[in-house]
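Survey of secondary and tertiary structure
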Amino acid sequence: MRRLIVAITGASGTCYGVRALEMLREMGGFETHLVISPAGLRTAAEEGIGYDADQIKALADVCHSHKDIGASIASGSFKSDGMLVAPCSVKTLSGIAHCYSNDLITRAADVCLKERRRVVLMVRETPLHAGHIALMDQATRSGAIIMPPVPGFYTQPKTIDDLINQTVGRALDLFDIDHPSVRRWKKGEAS
Ligand SMILES: Cc1cc2nc3c(=O)[nH]c(=O)nc-3n(C[C@H](O)[C@H](O)[C@H](O)COP(=O)(O)O)c2cc1C
């Protein structure tokens, strides 16, 4: 059984974190640990993604309070494949870049980085000022992978769902998790 930590923070695109949980559940063989920030819950409600807080939490095997800095995932002794922050707000990016572990999301990310585990941050803000770019640089230097949810159109998406699946599937690729919905480039055709 592989384990993945998924965090949903208050940037636009809470559907990405939800879809990641759905894909992992569909595939089976994963124990998912979810943390949602209060701003993540607020943003999910504002975005009208069709899932309330309880429905989102039910998609994970274990749901931790963002305040519980004593949770299993706050310790390096908890083994996992790493952590996906989808979406990642600039505030959470800043916390991770500065090792400011004042909640479970930033603490779990810091722990994964110190243990040299994969941390993928789907940072979402636009446009960006120099401070945002500096934070992404700092997080990258600490070992995180910055993966803004920027869709590619070469796969000829027909629906918003296609865009979400492709973006989340490519994020899961970074953990060596191969979801069948990912469309892969083949020269001369939309695969
Ligand atoms: C509807 C809505 C959309 C937001 N979109 C973004 C965004 O795309 N990127 C961002 O960095 N912050 C965004 N914010 C602001 C964050 O939610 C806010 O900075 C919050 O403090 C982040 O906290 P967290 O990182 O603990 O989730 C948004 C807030 C709301 C209510």
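In short, a report on the structure. What you see is a predicted model; the values in this text were computed from it and never measured. (Residues numbered from 1 in each chain as written. Predicted model: local features only at pLDDT ≥ 70, side-chain atom pairs only at ≥ 80, totals over all residues. Heavy atoms only, no water.)

Concerning the pairing of strand β4 (residues 82–88)
Note the cut-off: To sort residues, take the accessible area from a 1.4 Å probe on protein chains only and compare it with the maximum for the residue type: under 20% means buried, over 50% means exposed, and anything in between is partly exposed. Per the convention used, a helix needs a DSSP run of H or I reaching at least four residues, while a strand needs a run of E reaching at least two, with both numbered from the N terminus. Two strands qualify as a pair provided that DSSP identifies no fewer than 2 bridges between them.
Burial of β4 is extensive: 7 of the 7 residues sit out of reach of the surface. Residue alternation in β4 divides its side chains into two sets, Gly82, Leu84, Ala86 and Cys88 and Met83, Val85 and Pro87, and both sets are buried. Bridge count between strand β1 (residues 2–8) and β4: 3 bridges; the pairing is parallel. In the sheet register, valine 6 faces β4, and the bridge partner there is leucine 84. Relative to strand β5 (residues 118–123), β4 is paired through 5 bridges, and the arrangement is parallel. For valine 85, the partnering residue across the bridge sits in β5 and is leucine 121.

Topic: the packing of helix α1 (residues 14–27) against helix α7 (residues 160–173)
Here is the rule we go by: Helix axes are fitted to C-alpha atoms over the stretch in contact, other axes to C-alpha atoms as well, and angles between N-to-C directions run from 0 to 180 degrees. Note on terminology: angles under 35 degrees are roughly parallel, angles over 145 are roughly antiparallel, angles of 65 to 115 are roughly perpendicular, and the others are oblique. Contact between two residues is taken to exist if any of their heavy atoms lie within 4.5 Å; hydrogens are not considered. Gly is placed with the polar residues, together with every amino acid not listed as nonpolar (Ala, Val, Leu, Ile, Met, Phe, Trp, Tyr, Cys and Pro) or charged (Asp, Glu, Lys and Arg).
Taken N-terminus to C-terminus, the directions of α1 and α7 make an angle of 70°; their axes are 9 Å apart at the nearest point. In terms of orientation, α1 lies roughly perpendicular with respect to α7. In this structure, α1 uses Cys15, Tyr16, Arg19, Ala20, Met23, Leu24 and Met27 to contact α7, whose residues at the interface are Asp161, Ile164, Asn165, Thr167, Val168, Gly169 and Leu172. The residue makeup of the contact of α1 with α7, split by class, is 9 nonpolar, 3 polar and 2 charged.

Quick word on the state of the cysteines
Disulfides are covalent bonds that connect the sulfur atoms of two cysteines. Rule in force here: Cysteine sulfur atoms that pair up within 2.5 Å are treated as a disulfide.
Evaluated as defined, the whole model comprises 0 disulfides. Cysteine 15 takes part in no disulfide bond, and the closest cysteine sulfur to it belongs to cysteine 88, at a distance of 15 Å. On the basis of relative accessibility, which here comes to 23%, the residue cysteine 15 falls in the partly exposed class. In this model cysteine 88 remains outside any disulfide bridge; the closest cysteine sulfur is found in cysteine 112, 13 Å from its own.

Side note on the side chain of threonine 106
Here is the rule we go by: Side-chain atoms alone can form a polar contact between residues adjacent in sequence; in general such a contact is a pair of N or O atoms within 3.5 Å, and within protein one must be able to donate a hydrogen while the other accepts it.
Relative to the elements of secondary structure, threonine 106 occurs in helix α5 (residues 104–114). At 3.4 Å, the side chain of threonine 106 and the backbone oxygen of tyrosine 100 are in polar contact.

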